[in-house]
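# Observations on the model geometry
Each chain is listed here by its residues.
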Amino acid sequence: VRMAHGMSLRGLLVLALGTLVLSASDPSGRASGDAGWIPVAVHVVLVGFDDELPVAPAELRRLLESSLPLAQPSLVKTSEVFETQTVLQYTVHRAEDAQRHALQDAVVAAAKAEPAVYSASLEGSERAVVDVDAKRLEDAYAQLYDELVGGVNKAPGGDSSSKPNTYLVVIQRLSADEMSPKFPAMHIQGSPTLHRLRYARSVPTQAFVGKGRYLVVDLSAAPCHYGMLGADGSVSESTFPRLEVVGENTSADEQRVIVAVAMRAISALVVSAVRFVLAPSVRFCPASASSVLMPVIALRDHEDAADVTQVDAAIASLRTEVQRWNISGIDVSILASTHPLHTHPSLAIALSRALRSATTHEIYAGRFTPIAKPFLDASELLLNIARSADALGGELMRASAADGGGALSSALGTATAAFRRATQAAEDGAPVGSRLLPVYLLSLASEDARTVLKANLVGHDLGADITGGARAAAGAAHSAHGRAEAGLLSVSSVAVVVLQPTEEKVNTGHFSSDGEAFADGRDATRHLVAGVLGALAGVMPPHETFSHVTAQTETSYVWAVGAHPFGPFATTSTVSDIFIDVATRNQLLCQLRAIEIQLDAAEHAVDRFAHDFLRAEPGNRQTGGSLAPWDGFAEHVWENRRQQPDTMPLVFVSRLVPQSRELRAQLGALQDAVEIAVLLPSESFAQFSSLLVAASALSVRAQAEVISARIDLGCCALLHDVSLPLSSYLYLLLLTFGALAAVGVAVARRRGGAQKYSLRSMRVAREHASRRL
């Protein structure tokens, strides 16, 4: 196996062993060299499903396998589907009574740690409700994961001992009758006290994403609702089913119906977890690079010492979190600097050009009054920043040099080239050695800024993507709902923009059981972490996914709460190990796509050249349909090269085609070993990076040599004298004509013989008649 660099002996052994193992047993049934697949193990545990609701684990597993056996990842930016599939391997467990009691004790302990008991109207009746901080339940669910899944391999950068790409979905029905007497006081006679989950003081929820590799759905928690007004995907009291139980007088038919309804509801929740969290879509494919230089540029228009301290703390938290991720061994260097906004006229002009307005109707003096609310369009802001990169880079270099920031000056010296190189590399998949990812933190507090930030709109959502589809979605939101969604973050493959207003409560346009949902505008840590993770690996927020069937982004806020910084309902800057796995898989998918792009470009150039200057028999080469006349022509000529003379075009094709075939074979071997290589992210990244470098070099060399060969052949006229063998159809046609000719000759001879016989008979008759006379 020929690699550019980075292939150790252990890597070769893993590659060879993986190829042998996967060729022997392949759950997707594919042959070697076909589209690759990535295995994801999904363990489902049923807690509290006893005799009252006897759901059979084997039947639930079969239902899940038939509902979603494969997940086809999509690239949101281009609406294309990756060739690599995600193979889902389901396992269903039934929790023991000891495990259920351990979870119930953890819930009671969390409720007593911070007592918050109140009454609420639930399902038409007054009930006592106690809040439970789900973050205090992390240790209990981590222990359940270890007992059921058996975590033995420490995750790269993770805090737990869980296995990469192996997840646990907890579906629990805890006993309110057993927990209610242990909860803090305030009980309503005749009904047990219910618990309501909140993750790190978030909105009430019945589902959350854990810090480890697990997700939790609590069907016994108090019902809740949250989402966005007038938008799809909001969570209501009916989103999480209230399952019926089997009683003593329940007939066998009724029991089968109850169990079937429960299984379908559980299956729907697990499929939602897979589509939105465990195996989501890829927002975009950033440029492949071994190192990322990330200048965090904080621009402020005030001198508030408290805000400056918060900015420094946010940048320090970002450094700590990025170091913990360790995504595929990428070296991320963060350089931070703070500058006064009024000293940069180019950025001030970019801000003014990005101002937009949305018209909304509000009640004023008892009447609906149209009000125009200004906001910042993030896509236009980044576009204007990119256009003014020359002037902005010079200004930041001078300002940083004045402050003594020599490192930042040298880093920002290549700002313009980095914008263009990263954008072009992301489109054609070419690797770059180092990637520059600027992060702009705009801390605004002036009177004009407060007027602009009254709605605090950047992009179309918290964690929005800067693509044409996102801008169209934002426009549709403006026209359909009379306003835009609020947001403080915008992410693209070339930059991140975070808006930090001085207001503590920023109305995001969302709601929950507590009322209107607000975001803390002064805390920029969560938005910085979400933006950097999205820009580094194209990670989508867990409340969005892309459907390649409808070619649209789907929204569901079921998993919007938990250990992640994404979305309007997130309250923590900690990133779950699940999203670190997703980032690693996204990089693997993007690397495979980039390698395919480079190899296709090289083969396309050689095919066009071979089609213009060489001839060969048609053979078994597929043509027509969506294929161009020259697709696969070079390889076909190379396979039949012995039937042609050694001309300069044939020598050229014979030199490049074997190299392309060799790289294709290496890519197929790596795809076959993905199941083992995924468990070693750094080694997998090094192998695919080496192959990407080789494919990119082949593409550049092939296109350059094709141009040179065409110039050399411009002086000559090529004449091809090729004796092609007769096809079977032509042989059949000649045989048919020969048979018809033989039949015609035979008929003609018979007619000639009959005519001669009749003339002779007439002569004999005349002789007899003359004799009689």
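Our subject is the structure listed above.
Residues numbered from 1 in each chain as written. Predicted model: local features only at pLDDT ≥ 70, side-chain atom pairs only at ≥ 80, totals over all residues. Heavy atoms only, no water.

We now examine the overall build of the chain. Scanning the chain from terminus to terminus reveals 21 helices and 25 strands. Sorting the 773 residues of the chain into buried and exposed places 51% on the buried side. Pairs at least 24 residues apart make up 74% of the contacts formed inside the chain by residues separated by at least 6 positions. Roughly 35100 Å² of accessible area belongs to the chain as shown, and the carbon and sulfur atoms make up 55% of that amount. (Helix = DSSP H or I, 4+ residues; strand = E, 2+ residues; numbered from the N terminus. Buried < 20%, exposed > 50% of the residue type's maximum accessible area, 1.4 Å probe, protein only. Contact = heavy atoms within 4.5 Å. Areas by Shrake-Rupley, 256 points an atom, 1.4 Å probe, with all protein chains shown as cover.)

So, about the pattern of salt bridges. Enumeration over the complete set of coordinates arrives at 19 salt bridges. Among the ionic pairs, Glu80 bridges to Arg593, the shortest N-O distance being 3.1 Å. With Glu80 in strand β4 (residues 80-81) and Arg593 in helix α16 (residues 577-613), this residue pair connects regions lying 513 residues apart in the sequence. Salt bridges linked by common partners bring Arg213, Glu321, Arg324, Asp577 and Asp581 together as one network. (Salt bridge = Lys/Arg side-chain N within 4 Å of Asp/Glu carboxyl O.)

On to a nonpolar patch on the surface, then. A cluster of nonpolar residues, Leu733, Phe737 and Leu740, forms a patch on the protein surface that exposes about 330 Å² of accessible area. Secondary-structure assignment places Leu740 in helix α21 (residues 728-772). (Patch = residues over 30% accessible without salt bridge, like charges linked within 9 Å, V, L, I, M, F, W, Y side chains within 5 Å.)

Structurally, His564 is set in the loop between β25 (552-555) and α16. Classification of His564 by relative accessible area gives buried; the value is 0%. Reaching out from His564, the side chain makes a polar contact with the backbone nitrogen of Phe566 at a distance of 3.2 Å. Sequence-distant contacts of His564, defined by excluding residues within four places in its chain, comprise Val209, Pro542, Trp559, Ala570, Thr572, Thr574 and Phe579. (Polar contact = N/O pair within 3.5 Å; in protein donor to acceptor, adjacent residues only side chain to side chain.)

Let us look at the packing of aromatic side chains. Enumeration according to the criterion identifies 8 aromatic pairs in this entry. When the ring of Phe566 is compared with that of Phe579, the centres are 5.6 Å apart and the planes differ by 50°; the resulting orientation is tilted. In this pair, Phe566 sits in the loop between β25 and α16 while Phe579 sits in helix α16, placing the two residues 13 residues apart along the sequence. Comparing Phe566 with Phe579, the two get one shared label, buried. Judged by centre distance (4.8 Å) and plane angle (65°), the ring pair of Phe609 and Phe652 falls under edge-to-face. Note that Phe609 is positioned in helix α16 and Phe652 in helix α18 (residues 648-672), a separation of 43 residues in sequence. Given the relative accessible area of 3%, Phe652 is considered buried. Members of the aromatic cluster, connected to one another through ring pairs, are Tyr141, Tyr199, Phe208 and Tyr214. Here Arg173 stacks its cationic end above the ring of Phe49, 5.6 Å away from the centre of that ring. (Phe/Tyr/Trp six-rings, centres within 6.5 Å; stacked < 30°, edge-to-face > 60°. Lys NZ or Arg CZ within 6 Å of the ring centre and 35° of its normal.)

Let's shift gears to the packing of helix α2 (residues 57-67) against helix α6 (residues 252-278). As a packed pair, α2 and α6 sit with axes 10 Å apart at the nearest point and diverge in direction by 50°. With respect to α6, the axis of α2 lies oblique. Classified by chirality, the crossing of α6 by α2 is right-handed. Of the residues in α6, those in contact with Glu59, Leu60, Leu63, Leu64 and Ser67 of α2 are Met263, Arg264, Ile266, Ser267, Val270 and Val271. Grouping the amino acids of the contact of α2 with α6 by side-chain chemistry returns 7 nonpolar, 2 polar and 2 charged. (Axes fitted to C-alpha atoms, helices over the stretch in contact; angles between N-to-C directions. Parallel < 35°, antiparallel > 145°, perpendicular 65-115°, else oblique. Left-handed = near helix turned anticlockwise from the far one by under 90°. Nonpolar A, V, L, I, M, F, W, Y, C, P; charged D, E, K, R; others polar.)

Taken together, 3 strands build an open sheet; the order of strands is β6-β7-β9 and the sheet is mixed. Only two strands of the sheet have a single partner each, and these edge strands are β6 (117-122) and β9 (194-198). Taking the axes of each pair of neighbouring strands and ignoring which way they run, one obtains an average angle of 45° across the sheet. Where strand β7 (residues 125-133) meets β9, 5 bridges bridge the pair, whose relative direction is parallel. For Val129, the partnering residue across the bridge sits in β9 and is Leu194. (Pairing = 2+ DSSP bridges.)

Where strand β22 (residues 506-512) lies against strand β23 (residues 515-519), 5 bridges are found, and the strand directions are antiparallel. Counterpart to Phe511 in the pairing with β23 is Glu516. Hairpin connection between β22 and β23: a loop of 2 residues separates the two successive antiparallel strands.

So, about a negative patch on the surface. Where like charges cluster on the molecular surface, the negative patch consists of Asp50, Asp51, Glu52, Glu96, Asp97, Asp146 and Glu147. Relative to the elements of secondary structure, Asp97 occurs in helix α3 (residues 97-113). (Lys, Arg positive; Asp, Glu negative; His and termini not counted. Charge placed at Lys NZ, Arg CZ, Asp CG, Glu CD.)

Once that is clear, we can look at the nonpolar core. The biggest cluster of nonpolar side chains holds 122 residues, and the ones touching the most others in it are Val42, Trp325 and Trp559. Counting residues per element, this core draws most heavily on α6, which supplies 14 residues. Formed by 40 residues, the second largest nonpolar core is a distinct cluster that contains Ala594, Leu614, Val706 and Leu713. (Core = buried A, V, L, I, M, F, W, Y, C linked by side-chain atoms within 4.5 Å.)

The two faces of the sheet receive side chains in turn, since in a regular strand these alternate between them. Counting buried residues along strand β18 (residues 439-444), 6 of its 6 residues qualify, which places the element largely inside the surrounding structure. Here β18 shows two buried faces, one formed by Val439, Leu441 and Ser443 and the other by Tyr440, Leu442 and Leu444. One ladder, built from 5 bridges, connects strand β13 (residues 291-300) with β18; its direction is parallel. The residue of β18 that forms the bridge with Leu299 is Leu442. Examined bridge by bridge, β18 and strand β21 (residues 496-501) share 6 bridges and lie parallel to one another. By the bridge assignment, Ser443 is partnered in β21 with Gln500.

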